[in-house]
Amino acid sequence: MQNTHFINGQWIAGEGHDIQSVDPAKNVVIWEGKSATSPQINAAVSAARHAAPQWAAKSFEERLNIVKKYGELLAENKAQLSKIIARETGKPEWETATEVAAMIGKIGISEKAYHERTGTVENPMPVGQAFIRHKPHGVVAVFGPYNFPGHLPNGHIVPALIAGNTIVFKPSDLTPFVAEEMVKLWAQAGLPDGVLNLVQGEVETGKALASHPGLDGLFFTGSSRTGKLLHEQFAGHPGKILALEMGGNNPLIVKDVADTDAAVHDIVQSAFITSGQRCTCARRLFIPKGEQGDALITRLIEVTNNIKVGDYDADDQPFMGAMISASAAKMMVKAQDELENAGGRVLVRLAQKDETKGFVTPGIIDVTDMLDALPDEEHFGPLVKVIRYDNFDNAIAEANNTRFGLSAGFLGDSEEDYRYFFQRIRAGIVNWNRPITGASSAAPFGGIGESGNHRGSAYYAADYCAYPVASVELDKVTLPGALSPGLTL
Ligand SMILES: NC(=O)C1=CN([C@@H]2O[C@H](COP(=O)(O)OP(=O)(O)OC[C@H]3O[C@@H](n4cnc5c(N)ncnc54)[C@H](O)[C@@H]3O)[C@@H](O)[C@H]2O)C=CC1
Ligand SMILES: O=C(O)CCC(=O)N[C@@H](CCC(=O)O)C(=O)O
């Protein structure tokens, strides 16, 4: 029996149904376990509740020391963890090494953000002192996605622990192995029992945890569809904090670039990195009509056809590895077919050569003639939709024609054009002449519309990990110098 859940400092076996994790590049099972049942989820929430007062009562330095120890263990185990992330997600090892580096970097950034966003402020008053301080919420659930199974849950867990919360972590059911390895490192770092609990499972485990009355909050990174369900579930609970980081249908507009190859590079990095499985990936690419735009597309097609797709552990590393699963790859083929049937013109065909594995080649489809039928959906894979435009204002209006608003970019050499774009575009991340993926952990990370619920993450995660307490304090009960009219003492 596999002990895959971590509850109150003990590794225990699940009592629910069988779950497996499959290496999508090799089509082999690499992890097996059983999901957590409702009583096991109750036990995890109770353990977190029980541990909460003592963890919150520790000094900031005591909590930080454990978090820093975890950072050291991440550094020591970087090579091994990078390999496990690669095996479980299909992402090339060069990329998973950067994921672990981001996990390590998160610790220093979260320490700084804790002080700068939620530190203590003291203001003298005519009588006494005014203070702004912050307290943890209590018990929070963390839900992670599969595309960054280490870095993104880590982006909630680290600031939540630093702020003094205790946690029940429910990773994506597609990446239980990475979650288990992460939690082992936390346990090794000396986290007290019950402070971080891990429950594994699929949607029903997620539902049972999200609806648990013992939670004070839930921090979620995942799809807009699930995030919306959680939002509905939290309706009527204004006292609970819900932070949602969700998807996007991100636009990238190109206009008047002198260096075609540089533009093509930034497009490829925006659209195809991580096999298009980043929430910040460019989904809609706006290119001007005319000769300059034609030349750019010709070059983009050439470069895309030459993108190396391959095994995560190949000596000669590919740019793109496998997608998360064979079925995710199949869904991308289906999405392309649907767009093509609705009038899209395939410029480079996204193809899955082996239906048992997650590999697809990157695709480009021109959807200019089917804009009215273009669904406002996030196709979470390496398929970029090209929209040719003849008017910058129309391109910006169409770029904003989405229910999402995560990232957006402008590639063009005119600063005036960029300022014009920046003023009008609606998104939480707006870049100029840089890829729109690869957002910094040292900046707020979040979107508007259906990309989030105005609880920015990364540098601003500190904000949703603690609530502010305003105090006016005086060390003795003292009569004021002047009494209010009509009052005698
Ligand atoms: N804005 C951001 O920061 C990011 C957003 N994403 C988005 O995440 C998505 C890909 O990740 P996925 O793992 O597919 O997301 P997902 O929404 O399928 O799953 C996320 C988590 O929610 C759980 N879950 C699923 N259905 C549930 C339900 N009904 N009730 C409770 N829990 C449930 C899953 O088991 C998993 O732990 C993409 O849409 C992507 O854009 C990914 C990375 C970053
Ligand atoms: O959360 C952070 O620390 C910064 C945001 C970040 O890492 N963004 C990455 C991943 C986004 C995704 O998971 O899809 C990016 O923008 O590439």
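For clarity, every value in this text was computed on a predicted model and none was experimentally measured.

**A closer look at the UniProt feature "binding site: NAD(+)" (unreviewed entry) in the chain**
- Residues annotated by UniProt as "binding site: NAD(+)" (unreviewed entry) correspond here to Gly-222, Ser-223, Ser-224, Arg-225, Thr-226 and Gly-227.
- In this structure, Ser-224 sits in helix 8 (residues 224-234).
- Not counting the four nearest positions on each side in its chain, Ser-224 is found in contact with Met-246, Gly-247, Glu-378 and Glu-450.
- With respect to the helices, strands and loops of the structure, Thr-226 is situated in helix 8.
- Owing to 20 C-beta atoms within 10 Å, Thr-226 belongs among the buried residues under this scheme.

**Side note on the site of ligand 2**
- Near ligand 2 lie 15 residues; those nearest to it are Arg-278, Cys-279, Ala-439, Ser-441 and Ala-458.
- When residues of the shell around ligand 2 are traced back to their parent elements, those giving at least two are helix 5 (151-163) and strand 20 (457-458).
- When residues in the shell around ligand 2 are grouped by element, the largest group, 3 residues, is from helix 5.
- Classifying every residue of the shell around ligand 2 by side-chain character gives 6 nonpolar, 8 polar and 1 charged.
- Each of domain 1 (3-247 + 451-473) and domain 2 (251-432) accounts for three or more of the residues forming the shell around ligand 2.

**As for the environment of Ile-253**
- Residue position: Ile-253 is located in strand 12 (residues 250-254).
- Along the backbone, Ile-253 and Tyr-389 are 136 residues apart, and their C-alpha atoms lie at a distance of 9.7 Å.
- The contacts of Ile-253, once residues within four sequence positions are left out, are Phe-286, Ala-395, Ala-399, Phe-410 and Phe-421.

**A look at the site of ligand 1**
- If you check the shell around ligand 1, you find 26 residues, and the closest are Pro-145, Gly-206, Gly-222, Thr-226 and Gly-247.
- Mapped by element, the contributors of at least two residues to the shell around ligand 1 are helix 7 (203-210) and helix 8.
- The dominant element in the shell around ligand 1, judged by the number of residues it contributes, is helix 7, at 4 residues.
- Considered class by class, the residues forming the shell around ligand 1 number 12 nonpolar, 9 polar and 5 charged.
- A domain split of the shell around ligand 1 shows at least three residues from each of domain 1 (3-247 + 451-473) and domain 2 (251-432).

**Side note on helix 12 (residues 392-399)**
- When helix 12 is considered as a whole, its buried residues turn out to be Ala-395, Ile-396 and Ala-399. Here the buried residues of helix 12 occupy an arc of 95 degrees about the axis, which is enough to place them on one side. Among the exposed residues of helix 12, those pointing more than 90 degrees away from its buried face are Asp-393, Asn-394 and Ala-397.
- For helix 12, the secondary structure elements touched by its buried residues are strand 12, strand 13 (282-288), strand 16 (383-389), strand 17 (407-411) and helix 13 (415-424).

**Details of the packing of helix 2 (residues 60-76) against helix 4 (residues 93-118)**
- The N-to-C vectors of helix 2 and helix 4 enclose an angle of 160 degrees; their axes lie 9 Å apart at closest approach. Looking at the two axes, helix 2 sits roughly antiparallel to helix 4. Crossing hand, helix 2 versus helix 4: left-handed. Residues Leu-64, Val-67, Lys-68, Gly-71, Leu-74 and Ala-75 of helix 2 touch helix 4, and the partners they reach there are Val-100, Met-103, Ile-104, Ile-107 and Glu-111.

**With respect to the domain arrangement of the chain**
- Taken domain by domain, the chain consists of domain 1 (3-247 + 451-473) and domain 2 (251-432).
- A straight line from the C-alpha centre of domain 1 to that of domain 2 covers 31 Å.
- Elements with a contribution of two residues or more to the side of domain 1 that touches domain 2: helix 3 (78-89) and helix 4.
- Of the residues forming the side of domain 1 that touches domain 2, the biggest block, 3 residues, is contributed by helix 4.

**Comments concerning helix 9 (residues 260-271)**
- End to end, helix 9 covers 16 Å across 12 residues, agreeing with the expected 16 Å (1.5 Å per residue, within 8%).
- Among all positions of helix 9, only Ala-263, Val-264, Asp-266, Ile-267, Val-268, Ser-270 and Ala-271 are buried.

**Regarding the sheet that holds strand 17**
- Here 7 strands make up an open sheet; going across it, the order is 14-15-16-13-12-17-18 and the pairing mixed. Both outer strands of the open sheet, strand 14 (345-348) and strand 18 (429-432), are each paired with one neighbouring strand and no more. For this sheet the average axis-to-axis angle between neighbouring strands, irrespective of direction, equals 25 degrees.
- Those strands touched by helix 9 are strand 12, strand 13, strand 16 and strand 17, and its axis lies near 155 degrees from that of strand 13.

**Some thoughts on the nonpolar core**
- Formed by 129 residues in total, the largest nonpolar core has its most connected members in Ile-167, Leu-285 and Phe-286.
- Counting residues per element, this core draws most heavily on helix 1 (residues 38-57), at 9 residues.
- When residues of this core are assigned to domains, at least three map to each of domain 1 (3-247 + 451-473) and domain 2 (251-432).
- The contacts of Leu-285, once residues within four sequence positions are left out, are Leu-252, Ile-267, Ala-271, Val-384, Lys-385, Val-386 and Ile-387.

**Focus on the sheet that holds strand 21 (residues 466-473)**
- As summarised here, the arrangement of the 3 strands in space is 5-6-21, forming an open sheet in which the pairing is antiparallel. Only two strands of the sheet have a single partner each, and these edge strands are strand 5 (121-124) and strand 21. If you compare each strand with its neighbour and ignore which way they point, the axes differ by 20 degrees on average.
- Of the pairings in the sheet, the one linking strand 5 to strand 6 (residues 129-136) comprises 4 bridges and is antiparallel in character. Following the sheet pairing, Glu-122 is matched in strand 6 by Phe-131.

About the thresholds
- Residues numbered from 1 in each chain as written.
- Chains lettered and ligands numbered in written order.
- Predicted model: local features only at pLDDT ≥ 70, side-chain atom pairs only at ≥ 80, totals over all residues.
- UniProt positions renumbered as here; feature names shortened; annotations may be inferred.
- Helix = DSSP H or I, 4+ residues; strand = E, 2+ residues; numbered from the N terminus.
- Contact = placed C-beta atoms within 7 Å.
- Buried ≥ 20, exposed ≤ 12 C-beta atoms within 10 Å, placed from the backbone.
- Near = placed C-beta within 6 Å.
- Nonpolar A, V, L, I, M, F, W, Y, C, P; charged D, E, K, R; others polar.
- Domains from an automatic or database assignment.
- Arc of directions from axis to C-beta.
- Axes fitted to C-alpha atoms, helices over the stretch in contact; angles between N-to-C directions.
- Parallel < 35°, antiparallel > 145°, perpendicular 65-115°, else oblique.
- Left-handed = near helix turned anticlockwise from the far one by under 90°.
- Expected span 1.5 Å × (residues − 1).
- Pairing = 2+ DSSP bridges.
- Core = buried A, V, L, I, M, F, W, Y, C linked by C-beta atoms within 7 Å.

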